[in-house]
Amino acid sequence: MLRIAIQAKGRLNEDTMALLADAGISVAASKRKLVARAGGFPLEVLYLRDDDIPQAVQMGVADIGIVGLNEVAEKEMDVTTVMPLGFGACRISLAIPRDVNYTGLEWFAGRRIATSYPRILKRFFEKNHIQADIHEIAGSVEIAPAVGMADAIFDIVSSGGTLVQNGLVEVEKVFDSEAALIANPGLDAEKMAEVEKLKFRFTSINNSRGMKYVLMNLPKDRLDEAVALIPGMRSPTVLSLADPGWCSLHVVIREDELWEKIEQLKALGAEGILVLALENMIR
Ligand code: ATP
Ligand code: MG
């Protein structure tokens, strides 16, 4: 049986639980327990702090894990990234006080920089031949410049609101992150087969994200025009209707184009348009 490490509580927990649920895997909500047996898949769930997940997976305490790529990169553990998961997006950036006249990366030479990601920053500075003084601190990195602990910070940014509140501006984006499924590199064939099954379920869920299933009735003589509106559709489903002049067309449309496409289809004479949620798209 596979054992998966996930974040016990925090920013990744909710999306991780939702992904498992969408994949037909039920997990007891009780986060008091460290380990729980899942239903719907032979899986044991280990609840950890996100910082500890890369190491747990490298050591084989867990076979796989769901964690931010930022933690994977920082912990420098020997784990395999199986697939990105499309949530928990953020970036790690260098930020400096707003009133500083920023002249480029050389500005950081000889400066003190507070961060919870010293290894990622060290690698970045080495690559760019900058010698700076990296101070590792565990939390509240963003207040370090204001209290005189540092000249700049290197920290996670998602909307940028926290930086603004603390009088900082982002000047260099260093690392792009999102949550990913990671695995111990030494899994046996049996466990790898289980990981492949999970990957297949997660991929189907991700493919269907932001997609809608749309059904409509259409005059048959407008079918070619309607099909041309929906790019990437290899072969649309067209069903006959009792009225020989009409057909029923079924298509998958991206959510962000949905209303635009529907207006265009209506202009071609589409009627009785039904928009349905798409749960899985298996390619
Ligand atoms: P833990 O108690 O598990 O150590 P934490 O406080 O270190 O939790 P969270 O704040 O819950 O971590 O963030 C977990 C992950 O969520 C981050 O490592 C990162 O990958 C991702 N993330 C996405 N957006 C943000 C954000 N705005 N701030 C912090 N992390 C974010
Ligand atoms: Mg953490």
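Description of the structure in this document. On a predicted model such as this, the values are computed, not experimentally measured, just so you know. (Residues numbered from 1 in each chain as written. Chains lettered and ligands numbered in written order. Predicted model: local features only at pLDDT ≥ 70, side-chain atom pairs only at ≥ 80, totals over all residues. Heavy atoms only, no water.)

### Description of the site of ligand 1
Then, number 1: In the neighbourhood of ligand 1, 15 residues make up the surrounding shell, with Arg-11, Asp-50, Asp-51, Asn-70 and Ser-158 lying closest.
Then, number 2: Between ligand 1 and Arg-11, the relevant distance is 2.8 Å, taken from an oxygen atom to a main-chain nitrogen or oxygen of the residue.
Then, number 3: Here an oxygen atom of ligand 1 and a side-chain polar atom of Asn-70 are 2.8 Å apart.
Then, number 4: Relative to its unbound accessible area of 620 Å², ligand 1 is 77% covered by the protein chains.
Then, number 5: In terms of residue class, the shell around ligand 1 is built from 4 nonpolar, 6 polar and 5 charged. (Near = heavy atom within 4 Å. Polar contact = N/O pair within 3.5 Å; in protein donor to acceptor, adjacent residues only side chain to side chain. Areas by Shrake-Rupley, 256 points an atom, 1.4 Å probe, with all protein chains shown as cover. Nonpolar A, V, L, I, M, F, W, Y, C, P; charged D, E, K, R; others polar.)

### Details of the packing of aromatic side chains
Between two aromatic rings, the relevant description is the distance of the centres plus the angle of the planes.
Then, number 1: On inspection of all chains with the given rule, the structure shows 5 aromatic pairs.
Then, number 2: For the pair Phe-108 and Phe-125, a centre-to-centre distance of 6.0 Å together with 40° between the ring planes defines the contact as tilted. With Phe-108 in the loop between β6 (90-97) and β7 (112-115) and Phe-125 in helix α4 (residues 118-127), this residue pair connects regions lying 17 residues apart in the sequence.
Then, number 3: Phe-108 gets classed as buried once you look at its relative accessible area, which sits at 0%.
Then, number 4: On the basis of relative accessibility, which here comes to 3%, the residue Phe-125 falls in the buried class.
Then, number 5: Among the aromatic residues, ring-to-ring pairing joins Tyr-102, Trp-107, Phe-108, Phe-124 and Phe-125 into one connected group.
Then, number 6: One cation-aromatic arrangement involves Arg-111 over Trp-107; the distance from NZ or CZ to the ring centre is 4.1 Å. (Phe/Tyr/Trp six-rings, centres within 6.5 Å; stacked < 30°, edge-to-face > 60°. Helix = DSSP H or I, 4+ residues; strand = E, 2+ residues; numbered from the N terminus. Buried < 20%, exposed > 50% of the residue type's maximum accessible area, 1.4 Å probe, protein only. Lys NZ or Arg CZ within 6 Å of the ring centre and 35° of its normal.)

### Side note on a nonpolar patch on the surface
Then, number 1: A cluster of nonpolar side chains, Ile-143, Val-147 and Met-149, forms an exposed patch at the surface whose accessible area comes to about 270 Å².
Then, number 2: Tracing the backbone shows Val-147 in the loop between β8 (133-136) and β9 (152-157). (Patch = residues over 30% accessible without salt bridge, like charges linked within 9 Å, V, L, I, M, F, W, Y side chains within 5 Å. Salt bridge = Lys/Arg side-chain N within 4 Å of Asp/Glu carboxyl O.)

### A word on the coordination of the magnesium ion (ligand 2)
Then, number 1: The protein atoms that coordinate the magnesium ion (ligand 2) are Asp-50 (OD) and Asp-51 (OD), at distances spanning 2.0 Å.
Then, number 2: Given the relative accessible area of 25%, Asp-51 is considered partly exposed. (Donors = N, O, S within 2.8 Å, 3.2 Å for Na, K, Ca; no water.)

### A word on the pairing of β9
Then, number 1: With 5 of 6 residues buried, β9 is to be regarded as a mostly interior element.
Then, number 2: Both β7 and β9 contribute to a ladder of 3 bridges, which runs parallel. From the neighbouring strand, Ala-114 faces β9, where its bridge partner is Ile-153. (Pairing = 2+ DSSP bridges.)

### A few points about the pairing of strand β4 (residues 64-68)
Then, number 1: Most of β4 sits out of view: 5 of its 5 residues are buried.
Then, number 2: Note that strand β1 (residues 2-7) and β4 share 2 bridges and pair parallel. Within β4, the residue paired with Ala-5 across the bridge is Gly-65.

### A short note on the nonpolar core
Then, number 1: Core analysis: the largest hydrophobic core is formed by 31 residues, its most contacted members being Ile-25, Ile-64, Ile-66, Leu-181 and Phe-202.
Then, number 2: Broken down by secondary-structure element, the contributors of at least two residues to this core are β1, α1 (13-22), β3 (43-48), β4, β5 (80-84), β11 (179-183) and α6 (189-208).
Then, number 3: Not counting residues within four places of it along the chain, the set of residues in contact with Ile-66 comprises Ile-4, Ala-5, Ile-6, Gln-7, Thr-16, Leu-19, Ile-53, Leu-85, Phe-87, Ala-180, Leu-181 and Phe-202.
Then, number 4: Listed in part, the 17 residues of the second largest apolar core include Leu-94, Leu-121, Phe-124 and Ile-130. (Core = buried A, V, L, I, M, F, W, Y, C linked by side-chain atoms within 4.5 Å. Contact = heavy atoms within 4.5 Å.)

### A short note on the sheet that holds β9
Then, number 1: With respect to topology, 5 strands assemble into an open sheet ordered β8-β7-β9-β6-β10, the strand pairing being mixed. This sheet does not close on itself; its edge strands, each paired only once, are β8 and β10 (168-177). Shown here is a sheet whose adjacent strand axes are inclined to one another by a mean of 25°, direction ignored.
Then, number 2: Strand direction decides the pairing type here: β6 and β10, joined by 8 bridges, are antiparallel. Bridge pairing in β10 links Cys-90 to Ser-177.
Then, number 3: Helix-sheet contacts for α4 involve β6, β7, β8, β9 and β10, and the interaxial angle to β8 is about 170°. (Axes fitted to C-alpha atoms, helices over the stretch in contact; angles between N-to-C directions.)

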